[in-house]
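Structural overview
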Amino acid sequence: MAYKLEISAYVAHQIDTCIRYIVDTLQNPSAAKAILEDIACAYEQLEERAGSVSFYEDPYLHVKEYRKLALKKHDYVCVSTK
C-alpha cells in the first residue's frame, strides 16, 4: 500500500444512500453487494497508485483538479479532488 486513503463522512454517506436505494427501493441486494465490491476494488487501486487516476478532460473540472475513477464492473464513475 503506497497511499493512505481517507474517505470523508460525506462520501461514505453518499455511498450508503445509493446502496440503501438499491437494496430497499430496487430490492436488489445482490446488485448492491456487487457495487460495494467494485468500490472496494477502486479503493484498492487508489491505495496502490493514486497518482495514476486521470484528470477530467472537461476544462472546468480539470482546472479544479477533479479526477475520475471508473468502476471496473459497473457503469459508474467516482469523482475526487485533492
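Presented here is a report on the structure given in the accompanying data block.

Criteria and cut-off values
Residues numbered from 1 in each chain as written. Predicted model: local features only at pLDDT ≥ 70, side-chain atom pairs only at ≥ 80, totals over all residues. Heavy atoms only, no water. Helix = DSSP H or I, 4+ residues; strand = E, 2+ residues; numbered from the N terminus. Expected span 1.5 Å × (residues − 1). Buried < 20%, exposed > 50% of the residue type's maximum accessible area, 1.4 Å probe, protein only. Arc of directions from axis to C-beta. Contact = heavy atoms within 4.5 Å. Salt bridge = Lys/Arg side-chain N within 4 Å of Asp/Glu carboxyl O. Pairing = 2+ DSSP bridges. Lys, Arg positive; Asp, Glu negative; His and termini not counted.

Here we come to helix H1 (residues 9-25). Under the 1.5 Å per step criterion, the end-to-end length of H1 is 23 Å for 17 residues, consistent within 8% with the ideal 24 Å. Here H1 has its buried residues at Ile15, Ile19 and Ile22. When H1 is viewed along its axis, its buried side chains cluster within an angular range of 55 degrees and face the same direction. The outward face of H1, more than 90 degrees from its buried face, is lined by the exposed residues Ala9, Tyr10, Asp24 and Thr25. On its buried side, H1 packs onto helix H2 (29-49).

The next point concerns the pattern of salt bridges. One pass over the full model with this rule turns up 1 salt bridge. Its salt-bridge partner being Glu37, residue Lys33 comes within 4.0 Å of it at the nearest N-O pair. With a gap of 4 residues between them, Lys33 and Glu37 both fall in helix H2, about one helical turn apart.

On to the pairing of strand S2 (residues 77-80). Across 4 bridges, the pairing between strand S1 (residues 67-70) and S2 is antiparallel. Each residue of the ladder has a partner; that of Arg67, found in S2, is Ser80.

Here we come to H2. Taking 1.5 Å as the rise per residue, H2 with 21 residues should run 30 Å; its terminal C-alpha atoms sit 30 Å apart, in good agreement. Inspection of H2 places Ala32, Ile35, Asp38, Ile39, Ala42, Gln45 and Leu46 among the buried residues, and these make up the whole buried set. Projected onto a plane normal to the axis of H2, the buried residues spread over an arc of 135 degrees and lie on a single side. Projecting away from the buried face of H2 at angles above 90 degrees are the exposed residues Pro29, Ser30 and Lys33. In this fold, the buried residues of H2 make contact with H1 and S1.

Looking now at the side chain of Asp38. For Asp38, the location among the structural elements is in helix H2. Notably, Asp38 is buried but unbridged: the nearest opposite-charge side chain belongs to Lys73, and the N-O separation is 6.1 Å. Sequence-distant contacts of Asp38, that is, excluding residues within four places in its chain, are made with Leu71, Lys72, Lys73 and His74.

The analysis is restricted to geometry; functional conclusions fall outside its scope.
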